[in-house]
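Structural overview for review
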Amino acid sequence: MTTTDVNQELKTQEYLINMGPQHPAAHGVLRLILTIDGEIIRKVDPDLGYIHRSIEKMCERDTYKQIVHLTDRLDYLSSHINNEAVCLAVENALEIEVPERVKYIRTIMAELTRLASHQLWWGVMGMDIGALTAFMYAFRDREMINDIMEETVGARLTMNYSVPGGVMFDIHPDFQRKVKEFIKHFRKALPEYNTLLSENIIFKKRLKGIGYISKEDAVAYGVSGPSARGSGVSCDVRKIHPYSAYDKVEFNEVLIEGGDSYDRYMVRMKEMEESMNIIDQLIDNIPEGDYQVKTSALIKLPKGEFYQKVETARGELGVFIVSDGKKSPYRLKFRSPGFSNLSILDKISRGHKIADLVAIMSSLDFVIPDIDR
Amino acid sequence: MKEVINYFSEIINGGISLLKGMGITGKHFVRSPKEIITQQYPDNRDTLTFEERFRAQLFMEHNEENQNRCDACQTCETVCPNGSIEVIWHREVDPETGKKRKVLDKYVYHLGMCTFCNLCVMACPTEAIKMNKEFETAVYDRSELTKVLNKPGSKYSQDYVDKTLGE
Amino acid sequence: MYDFSKMTGAIHEWLSSLMPSLLVTTIEWILIGVVFLALFAILGLVLVIVERKIAGFFQFRLGPNRVGPFGMFQTVADTVKLLLKELVSTNKVDKFLYNVAPFFVIIAPLMIMAVIPYGLGLTAYDINVGLFFVMAVSSIGVVGILLAGWASNNKYSLIGAMRSGAIIISYELSMGLSALLAIVLLVGSLNLNDIVMSQQAGWWIFRGHIPAIIAFVIYIITGTAETNRVPFDLTEAESELGAGYHAEYSGIKFAFFFLSEFVNMFIVAALAVTLFLGGWLPIHIPGWEGFNNIMDYIPSPIWFFLKTSVVIFLLMWFRWTFPRLRIDQILTLEWKYLLPISLVNLVLMAFVVMMGWVF
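Residues numbered from 1 in each chain as written. Chains lettered and ligands numbered in written order. Predicted model: local features only at pLDDT ≥ 70, side-chain atom pairs only at ≥ 80, totals over all residues. Heavy atoms only, no water.

1. Describing the overall build of chain C
Counting its regular elements, chain C contains 14 helices and zero strands. When the helices and strands of chain C are read in sequence order from the N terminus, they spell out α-α-α-α-α-α-α-α-α-α-α-α-α-α. In terms of overall dimensions, chain C is globule-like: its C-alpha atoms have a radius of gyration of 22 Å, near the 21 Å expected for 359 residues. If one aligns the C-alpha atoms of chain C with their principal axes, the spans along those axes are about 65 × 60 × 45 Å. Within chain C, contacts between residues separated by at least 24 positions form 77% of all contacts whose residues are at least 6 apart in sequence. (Helix = DSSP H or I, 4+ residues; strand = E, 2+ residues; numbered from the N terminus. Rg over C-alpha atoms; globule rule 2.2 N^0.38 Å. Contact = heavy atoms within 4.5 Å.)

2. Quick word on helix α2 (residues 21-58) of chain C
Under the 1.5 Å per step criterion, the end-to-end length of α2 of chain C is 54 Å for 38 residues, consistent within 8% with the ideal 56 Å. Where α2 of chain C terminates, the next one or two residues include phenylalanine 60 of chain C, which has phi positive at roughly 60°. (Expected span 1.5 Å × (residues − 1).)

3. Some words on the sheet that holds strand β7 (residues 316-323) of chain A
All names here are of chain A. In spatial order, the strands read β6-β7-β8; together these three strands make up an open sheet with antiparallel pairing. Because the sheet does not close on itself, it has two edges, and the strands there are β6 (304-311) and β8 (331-335). Averaged over neighbouring strand pairs, the angle between their axes works out to 15° when direction is ignored. (Pairing = 2+ DSSP bridges. Axes fitted to C-alpha atoms, helices over the stretch in contact; angles between N-to-C directions.)

4. Notes on the interface of chain A and chain B
Tallying the contact residues gives 32 residues for chain A and 26 residues for chain B. Taken together, the links from chain A to chain B amount to two salt bridges. Note that lysine 27 of chain B is salt-bridged to glutamate 192 of chain A, the shortest N-O span being 3.0 Å. For the pair chain A and chain B, the interface holds 15 residue pairs in polar contact (both at pLDDT 80 or more). Contributing elements (two or more residues each) for the side of chain A that touches chain B: α3 (64-71), α6 (133-152), α7 (175-198) and α8 (201-207) of chain A. A total of six residues in the side of chain A that touches chain B trace back to one element, the largest contributor, which is α6 of chain A. Residues belonging to the side of chain A that touches chain B are distributed by class as follows: 10 nonpolar, 10 polar and 12 charged. (Salt bridge = Lys/Arg side-chain N within 4 Å of Asp/Glu carboxyl O. Polar contact = N/O pair within 3.5 Å; in protein donor to acceptor, adjacent residues only side chain to side chain. Nonpolar A, V, L, I, M, F, W, Y, C, P; charged D, E, K, R; others polar.)

5. Some points on the pattern of salt bridges
One pass over the full model with this rule turns up 46 salt bridges over all chains. Of the charged contacts in the structure, one is a salt bridge between aspartate 365 of chain A and arginine 314 of chain A, with a shortest N-O distance of 3.3 Å. Residue aspartate 365 of chain A is found in the loop between α15 (354-364) and α16 (368-372), and its partner arginine 314 of chain A is found in the loop between β6 and β7; the two are separated by 51 residues along the sequence. Note that arginine 66 of chain C is salt-bridged to aspartate 43 of chain B, the shortest N-O span being 3.4 Å.

6. Considerations on empty space enclosed by the protein
Residue and element names in this part refer to chain C. In this structure the tally under the stated criterion is six cavities of 30 Å³ or more. The space that makes up the largest cavity amounts to roughly 370 Å³. Taken together, 26 residues form the lining of the largest cavity, with Ser138, Gly141, Glu226, Thr227 and Asn264 sitting closest to its centre. Those elements giving two or more residues to the lining of the largest cavity turn out to be α4 (95-113), α5 (130-137), α6 (140-151), α7 (155-187), α10 (209-226) and α11 (252-276). Here the lining of the largest cavity gets seven residues from one element, more than from any other, and that element is α11. Each residue belonging to the lining of the largest cavity can be placed in one class, and the counts come to 17 nonpolar, six polar and three charged. (1 Å grid on protein atoms, 1.4 Å probe; cavity = no way out; pocket = protein on both sides within 12 Å on 5 of 7 lines; lining within 4 Å. Points joined across faces, edges and corners; volume = space filled by probe spheres on them.)

7. Focus: the side chain of glutamate 334 of chain C
Residue and element names in this part refer to chain C. Positionally, glutamate 334 belongs in helix α14 (residues 327-355). Despite its burial, glutamate 334 remains without a salt bridge, the nearest opposite charge being carried by lysine 336 at 13 Å. A distance of 2.9 Å separates the side chain of glutamate 334 from the side chain of serine 174, its partner in a polar contact. Excluding anything up to four places from it in sequence, glutamate 334 contacts Ser170, Tyr171, Leu173, Ser174, Leu339 and Pro340. (Buried < 20%, exposed > 50% of the residue type's maximum accessible area, 1.4 Å probe, protein only. Lys, Arg positive; Asp, Glu negative; His and termini not counted.)

8. Thoughts on the packing of aromatic side chains
Within this structure, the stated rule accounts for 38 aromatic pairs over all chains. Taking the centre distance of 6.3 Å and the plane angle of 70° together, the rings of phenylalanine 29 of chain B and phenylalanine 57 of chain C count as edge-to-face. With phenylalanine 29 of chain B in helix α1 (residues 2-30) and phenylalanine 57 of chain C in helix α2, this pair bridges two chains. According to the relative accessible area criterion, phenylalanine 29 of chain B is partly exposed, its value standing at 21%. A connected cluster of aromatic rings, assembled from ring pairs, spans Phe29 of chain B together with Phe57, Phe58, Phe313 and Trp317 of chain C. The cationic tip of arginine 142 of chain A hangs over the ring face of phenylalanine 139 of chain A; the distance from NZ or CZ to the ring centre is 5.9 Å. In this arrangement the basic side chain of lysine 102 of chain B is found over the ring face of tryptophan 89 of chain B, its NZ or CZ atom lying 4.9 Å from the centre. (Phe/Tyr/Trp six-rings, centres within 6.5 Å; stacked < 30°, edge-to-face > 60°. Lys NZ or Arg CZ within 6 Å of the ring centre and 35° of its normal.)

Written out as structure tokens, the structure reads:
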């Protein structure tokens with residue numbers, strides 16, 4: 001053996017692994033084609049479309065009142081907020097003014113939905129990192145919100161509660177009492193969540209320094225929602241372009257200058273507290289009034305283009321309607337938050353290991369039906 | 001020197017955080033008989049409760065004289081987003097008023113296609129159809145998912161509508 | 001305390017009076033083999049159902065409760081199901097290694113079970129290098145895992161098996177140095193029965209104060225790593241890449257891997273009890289003679305299994321609370337934290353013994 005043989009670099013070969021559509025950690029049906037060198041990731045290639053149901057095409061066939069039930073199934077964890085988005089777009093186009101009672105009810109339901117979504121995210125994150133008990137704790141608390149929804153709305157997951165012009169029925173007489181009981185219970189449970197996972201040294205070591213998104217990258221790739229607020233980008237639609245009753249409540253926009261997965265995690269935990277504060281301010285002051293404004297049986301929007309954006313639990317959802325005066329839209333497009341958040345996955349996971357990829361995907365909080373529509 | 005202090009403080013703080021986490025699960029373990037929330041279905045079918053607005057399946061309400069409130073106006077069929085309702089009707093001369101009106105033959109409901117959006121219930125002017133609580137809809141044969149909602153031999157009754165509208 | 005060597009001596013006498021000594025030895029071997037296989041099977045069954053029930057209580061739910069009262073026969077039903085399953089394997093597996101791998105992981109725990117003292121006079125293989133034997137034989141288990149990963153002809157199994165091999169080889173160092181040698185310094189003998197008998201004045205975890213407590217903590221951590229449990233279980237509960245090194249096994253071969261994990265956990269707990277918590281000795285509080293006399297009446301195997309179940313509960317508590325570590329963090333923990341601390345602990349313990357500062 002000559003000395004040049006000994007001094008040559010050890011050559012390794014990269015190989016392709018398919019993290020397939022059926023996977024315990026992929027949050028839905030997402031196919032990722034990973035190029036790995038040993039344990040280190042060199043490239044991530046997402047392959048979408050396994051749950052595409054052509055919702056936007058179906059919206060071109062349905063009337064405006066029938067579109068609302070399809071938006072339930074976009075990002076099914078914040079279904080109430082999706083319904084609100086389409087109803088607000090139609091109401092702004094027709095220039096209808098909804099009563100105050102409707103605004104308060106819609107805001108309270110939206111914040112409850114955001115709480116439920118963040119609870120499920122916390123449970124799934126614990127399960128992906130390995131703490132299996134966190135999943136059960138999160139679902140126990142989420143069941144209480146589901147029970148409240150079942151009493152007022154009638155459904156537990158696909159709510160379909162808002163209609164253009166108001167809400168479908170009035171709130172149940174027991175609604176206020178049950179929401180107050182739930183908030184009291186959850187204020188005691190949230191510190192338990194923090195002690196179980198957030199302050200755990202193993203959890204911190206798994207998440208700190210992983211998946212760093214810089215401020216410029218977050219703006220360039222269009223990341224929105226808690227993922228962007230974890231890098232210091234101020235983008236909360238509820239603060240910047242308030243809608244419904246958000247201009248009547250005081251709450252803080254949670255911003256953390258940091259950019260790694262642990263900061264995104266803490267942003268969502270603090271957002272849960274802010275949601276509880278918002279509900280506290282609104283629940284006792286719901287004004288009396290009508291719960292629905294009379295609209296014509298067949299709504300026709302004037303010709304033109306209309307856009308409305310709302311803040312779902314994942315980021316900024318935009319609804320863009322192009323109307324040519326008929327009873328169905330000519331084209332309806334959803335700007336989904338998950339699609340833009342997914343585009344940054346390749347850049348931030350290079351150089352990390354496979355176990356880190358699972359942690360990054362959890363912290364970005366995808367729901368795949370939102371991406372594929 | 002700083003690294004040495006860091007080394008030991010990391011171990012001690014880490015150990016304390018782990019013990020606190022164990023305290024939470026330990027507390028729930030000790031309190032577990034009172035906190036168990038498992039419902040032992042199907043043994044508890046008799047005591048299951050649902051909220052009154054729960055949407056499980058569509059049904060048509062009949063009273064004791066086998067009368068219903070559906071006058072075949074087809075509003076629900078128009079409003080349904082994906083065609084889960086089919087109303088089969090024919091025209092007849094009403095013996096009381098002498099005018100022509102629609103009479104319901106069969107009210108076909110495709111349970112397999114329904115999205116439970118509740119628009120048909122909201123749209124019905126006579127409150128003929130409502131959502132019930134029968135959630136056990138699993139069947140072995142797909143043809144059982146196409147249901148006929150009006151019972152055989154039942155007729156529309158204006159009296160029934162007048163007495164119960166708005167309840 | 002009742003001395004079980006009287007009972008075993010009586011059986012030996014009775015058999016020797018009936019037949020020549022060679023046959024007596026053979027029959028005793030067969031008898032002991034049957035007893036240990038039965039113990040292995042019963043331990044596996046009981047531990048699985050206990051783990052599932054305890055997991056349910058941690059998580060606001062009932063565990064299995066349909067098959068038998070409190071779900072007692074659930075594992076029996078599972079084992080019958082696994083026995084009746086078809087043994088599927090892919091085309092290109094390395095036939096000999098694939099079939100031989102499960103036997104390695106079964107034989108290692110069985111051999112170790114032979115040297116553990118279960119009670120006064122109840123040790124199958126009472127040799128004077130007992131502890132050394134345990135350390136040596138526990139390294140055979142890792143060969144089974146590596147063979148399973150390699151012979152499966154599957155990328156993910158190979159990754160899982162390699163990770164497991166790295167972890168087990170590293171953690172054996174700390175286990176041996178800190179935990180076991182520290183206690184051997186106190187006792188002066190490697191014989192497991194001597195170690196238990198030397199704790200009659202008090203358990204080592206109390207008498208050995210600081211070095212013994214550090215040794216106990218390090219032993220529990222390395223014990224969980226050796227058996228591939230959370231927080232060190234990224235070889236099998238990989239929610240990242242499938243089921244790990246036993247992905248290609250089905251039926252009874254999978255049952256071997258599965259049961260051996262639980263029996264390994266029992267062995268780790270049994271060793272902890274023997275070395276630190278007094279083995280089969282009853283709880284004696286110095287000064288309360290009446291209490292001590294009552295405690296003496298309870299037979300020694302019951303004390304042993306009681307103490308072991310406390311340590312097993314501790315290991316299960318870890319599993320359902322903590323997240324899991326990444327592979328490089330596991331190796332960092334071992335080489336940068338546990339190994340230096342256990343070396344320092346060993347020196348400390350030697351110093352303490354030399355100065356006679358033991359209670």
